Each structure stands twice: as structure tokens, then as C-alpha cells.
Amino acid sequence: FEREGISHGDVQTGNLMVSGGGSQIQLIDYDGMYVDEIKDLRSEELGHLNFQHPGRKSKNPFGPGLDRFSLISLRVALKALRADPSIWAKTKSELDAIVFRANDFADPSASLAFARVAAAPGMAAEAAAFAAICKSPMEKTPSLADFVARRNTPSMAIALSGAVAVGASRAGYIGAYAVLAAND
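Residues numbered from 1 in each chain as written. Predicted model: local features only at pLDDT ≥ 70, side-chain atom pairs only at ≥ 80, totals over all residues. Heavy atoms only, no water.

*Asks:* Got a sec to walk through the side chain of glutamine 52? Specific residues and values, please.
*Replies:* Looking at the secondary structure, you find glutamine 52 in the loop between strand 4 (34-35) and helix 1 (56-59). Each residue touching glutamine 52, except ones within four places of it in the same chain, is listed here: Gly9, Asp10, Val11, Leu46, Gly47, Leu66, Phe69, Ser70 and Phe105. (Helix = DSSP H or I, 4+ residues; strand = E, 2+ residues; numbered from the N terminus. Contact = heavy atoms within 4.5 Å.)

Right under this line is the structure:
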């Protein structure tokens, strides 16, 4: 897609169909799709929160690189599950949150999911690179090909201990919708 100047805008498990015994992948639900011809229209679609860069909601960019973070997130999650299948249960994974959730992206150093992925066999470097992407501006997210080749990945040392820093508090729940008081 990106090579053609296109993005889906909401790559996540609910929009992926796998068929042919795993040999074919189809994307569905193109309501947030980017093509150059509609770049001035902008998008109201922000994508599924558990598959998006933490900066997407505030910036709402619209361009061919929209799918980069989602694809890297899915790659890291699936590779971690291959290395250690117990991560699925330990991270309470489900269809709408494969290994990671929005809270993990917001604070990778305090994320138990990032700590578990980093501890999986052969995953430390990839988890650290993904954490650096989470903490960097969205426009610094490399393409999936660059991430795999370890090119153009933001450089940042982040300790993936899963522990909240001294004097800090764990981030509250990050939901897809605003939470209102019942009496409001």
C-alpha cells in the first residue's frame, strides 16, 4: 500500500481476514483509507486504539504512512507469541488487543506487556526498538521493511522493566471513548 501512496488507516485484527490456510490476507473496512486524491478531505477515522501510535489521536495525520505503527505492533506481538506462547495469557490478549494495549504504547517502560515481550527468547532488541517508536513522534515511525532491517528506527534507551518509575504513577485506563460521570 505505502509504495503505491495508499494506507488503510485502521489495520487491526477486526479488519484482517486470513484465508487459504494462512496464505492469503485480505483487508476490509476502508472507511479511513488514504489515497492521494482525497488527501485534502482528512479523516475522522483514528483506527483501533490498541493498534495505533499514542500520538495519532492528537495529531490525526492523513497520509500513506498511517499503517506503519499498526503493522510493526502486529509483527512484534506475533513474533513474541511465537517465541513464548504463554505471553498470550499473561497479557490477557484477545481479538481487540494482541499482547499490547494503548496503555502499553503510552508508557512502554512501565508496561508489563513490553517487559514480557523483552524477556521472550530473541525479543529484547525488537521490543526496545518498538518501545522507542512508541515514545517518538508518530512521523518518525519507520516502514515495516525498515523496522525489520533495523533501519530508520528512533534511537532511545528505554528500560522495559514493567515497573512504574519512582515518584510516578501508572497511567489510568486509556479507552476509545470519553468516560463520563453517570450524572453528567
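Continuing now.
*Asks:* Quick one: what's the story with the nonpolar core, residue by residue and with numbers?
*Replies:* In this structure, Val76, Val99, Phe100, Phe114, Val117 and Phe130 are the most contacted members of the largest nonpolar core, which totals 28 residues. Among the secondary structure elements, those contributing two or more residues to this core are helix 2 (68-83), helix 5 (112-119) and helix 6 (124-135). The leading source of residues in this core is helix 2, at 7 residues. Each residue touching valine 76, except ones within four places of it in the same chain, is listed here: Phe100, Val117, Met123, Glu126, Phe130 and Phe147. (Core = buried A, V, L, I, M, F, W, Y, C linked by side-chain atoms within 4.5 Å. Buried < 20%, exposed > 50% of the residue type's maximum accessible area, 1.4 Å probe, protein only.)

*Asks:* Requested: an account of the environment of arginine 56, with residues and values cited.
*Replies:* Looking at the secondary structure, you find arginine 56 in helix 1. When the C-alpha atoms of arginine 56 and glycine 14 are compared, they prove to be 19 Å apart, with 42 residues separating the residues in sequence. A polar atom in the side chain of arginine 56 sits 2.8 Å from the backbone oxygen of glycine 9. (Polar contact = N/O pair within 3.5 Å; in protein donor to acceptor, adjacent residues only side chain to side chain.)

*Asks:* Now, about helix 2: what can you tell me, with residues and values included?
*Replies:* Because an α-helix packs 3.6 residues into every turn, residues spaced three or four apart end up facing the same way. The terminal C-alpha atoms of helix 2 lie 23 Å apart, and with 16 residues this matches the ideal 22 Å at 1.5 Å per residue to within 8%. Restricting attention to buried positions, one finds in helix 2 the residues Phe69, Ser70, Ile72, Ser73, Leu74, Val76, Ala77, Ala80 and Leu81. Here the buried face of helix 2 lies against strand 2 (16-19), helix 3 (87-90), helix 4 (102-106), helix 5, helix 6 and helix 7 (144-149). (Expected span 1.5 Å × (residues − 1).)

*Asks:* Talk me through the packing of helix 2 against helix 6; I want residue IDs and the actual numbers.
*Replies:* For any two helices packed against each other, the geometry is given by the interaxial angle and the distance between the axes. Remark: helix 2 packs on helix 6, axes separated minimally by 11 Å, with the N-to-C direction vectors making an angle of 155 degrees. Taken together, the axis directions place helix 2 and helix 6 in an arrangement best described as roughly antiparallel. The interaxial crossing formed by helix 2 with helix 6 has left-handed handedness. Contacts from Phe69, Ile72, Ser73, Arg75, Val76 and Lys79 in helix 2 reach Glu126, Phe130, Ile133 and Cys134 in helix 6. Residue composition of the contact of helix 2 with helix 6, grouped by class: 6 nonpolar, 1 polar and 3 charged. (Axes fitted to C-alpha atoms, helices over the stretch in contact; angles between N-to-C directions. Parallel < 35°, antiparallel > 145°, perpendicular 65-115°, else oblique. Left-handed = near helix turned anticlockwise from the far one by under 90°. Nonpolar A, V, L, I, M, F, W, Y, C, P; charged D, E, K, R; others polar.)

*Asks:* So what's going on with the pairing of strand 2? Residues and values would help.
*Replies:* Pairing of strand 2 with strand 3 (residues 24-27), which is carried by 4 bridges, proceeds in the antiparallel orientation. When the sheet's bridge partners are listed, serine 19 is paired in strand 3 with glutamine 24. Between the end of strand 2 and the start of strand 3, which pair antiparallel, lie 4 residues, with glycine 20 showing a positive phi angle near 60 degrees. (Pairing = 2+ DSSP bridges.)

*Asks:* How would you explain helix 5 if you had to name every residue and give the values?
*Replies:* All of the buried residues along helix 5 are Ala113, Phe114, Ala115, Val117 and Ala118. Summarising the contacts, the buried residues of helix 5 are in contact with helix 2, helix 3, helix 4 and helix 6. Two or three places before alanine 113, at the opening of helix 5, serine 111 has a side-chain oxygen 3.2 Å from that residue's backbone nitrogen.

*Asks:* Give a detailed account of the packing of helix 5 against helix 6, specifying residues and quantitative values.
*Replies:* Contact geometry for helix 5 and helix 6: axes closest at 7 Å, N-to-C directions at 150 degrees. The pairing of helix 5 with helix 6 is recorded here as roughly antiparallel in orientation. As for how helix 5 packs across helix 6, the hand of that crossing is right-handed. Across from Phe114, Val117 and Ala118 in helix 5, the residues of helix 6 making contact are Ala124, Ala127, Phe130, Ala131 and Cys134.

*Asks:* Got a sec to walk through unusual backbone geometry? Specific residues and values, please.
*Replies:* Of note in this structure, aspartate 29 is not a glycine but carries a positive phi near 65 degrees. In this structure, asparagine 60 is a non-glycine residue whose phi angle is positive, near 40 degrees. Of note, asparagine 60 is situated in the loop between helix 1 and helix 2.

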